[in-house]
Amino acid sequence: MAITSAQLQTELGANPMNAQVLGAFEPSVGTEQQWYVIGNVDAPGRCRMVSTTAADNAATQAAAVLTALRA
């Protein structure tokens, strides 16, 4: 089951300086979700479109987002 942007944001952190979800593209076909995120202090100066597996839970997707931001 796909997670919501609010669920992902909760896992990334509620502090405005944590990475922030700016856009969410829910899966229409397939098993991926896409997130447009900005790093803030978690990954300074970075923003990316990140694809995650829709079947993963929010914590796993948040870890994937942070890894992609820092790469």
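Since the structure is predicted, the reported quantities are computational estimates derived from the model, not experimental observations.

About the cut-offs
Residues numbered from 1 in each chain as written. Predicted model: local features only at pLDDT ≥ 70, side-chain atom pairs only at ≥ 80, totals over all residues. Heavy atoms only, no water. Helix = DSSP H or I, 4+ residues; strand = E, 2+ residues; numbered from the N terminus. Rg over C-alpha atoms; globule rule 2.2 N^0.38 Å. Buried < 20%, exposed > 50% of the residue type's maximum accessible area, 1.4 Å probe, protein only. Contact = heavy atoms within 4.5 Å. Expected span 1.5 Å × (residues − 1). Arc of directions from axis to C-beta. Pairing = 2+ DSSP bridges. Axes fitted to C-alpha atoms, helices over the stretch in contact; angles between N-to-C directions.

This paragraph deals with the overall build of the protein. Looking only at helices and strands, one finds 2 helices and 3 strands in the protein. Along the protein, helices and strands appear, N-terminal first, in the series α-β-β-β-α. Scaling as 2.2 N^0.38, a compact globule of 71 residues should have a C-alpha radius of gyration of about 11 Å, and the protein matches this with 11 Å. Taken along the three principal axes of its C-alpha coordinates, the protein extends 30 × 20 × 15 Å. Within the protein, the fraction of its 71 residues that count as buried is 34%. Considering only intrachain contacts with a sequence separation of at least 6, the fraction spanning at least 24 residues in the protein is 39%.

This brings us to the side chain of Asn18. Following the sequence through the fold, Asn18 ends up in the loop between α1 (5-12) and β1 (20-25). Once you skip the residues sitting within four places of it in the chain, Asn18 turns out to touch Leu12, Gly13, Gly39, Asn40 and Asp42.

The terminal C-alpha atoms of helix α2 (residues 58-70), which comprises 13 residues, lie 18 Å apart, in line with the 18 Å expected from a rise of 1.5 Å per residue. Buried residues of α2: Ala58, Gln61, Ala62, Val65, Leu66 and Leu69, and no others. Within α2, the buried residues cover an arc of 135 degrees as seen down the axis, which keeps them to one side. Packing partners of the buried residues in α2 comprise α1, β2 (32-38) and β3 (47-53).

Right, let's talk about the environment of Ala64 for a bit. With respect to the helices and strands, Ala64 occurs in helix α2. Judged by its relative accessible area of 33%, Ala64 falls in the partly exposed class. For the pair Ala64 and Val41, spaced 23 residues apart in sequence, the C-alpha separation works out to 17 Å. Residues contacting Ala64, with those up to four places away along its chain left out, are Val50 and Thr52.

The next point concerns the sheet that holds β3. With antiparallel pairing, 3 strands are arranged side by side in an open sheet as β1-β2-β3. The open sheet has two edge strands with one neighbour each: β1 and β3. On average, each strand axis in the sheet is inclined to that of its neighbour by 30 degrees, with strand direction left out of account. Pairing between β2 and β3: 7 bridges, direction antiparallel. Considered in β3, the bridge of Trp35 is made with Val50. Of the strands in this sheet, β1 and β2 are in contact with α1, which crosses β1 at around 150 degrees. Together, β2 and β3 form the strand contacts of α2, whose direction differs from that of β3 by roughly 145 degrees.

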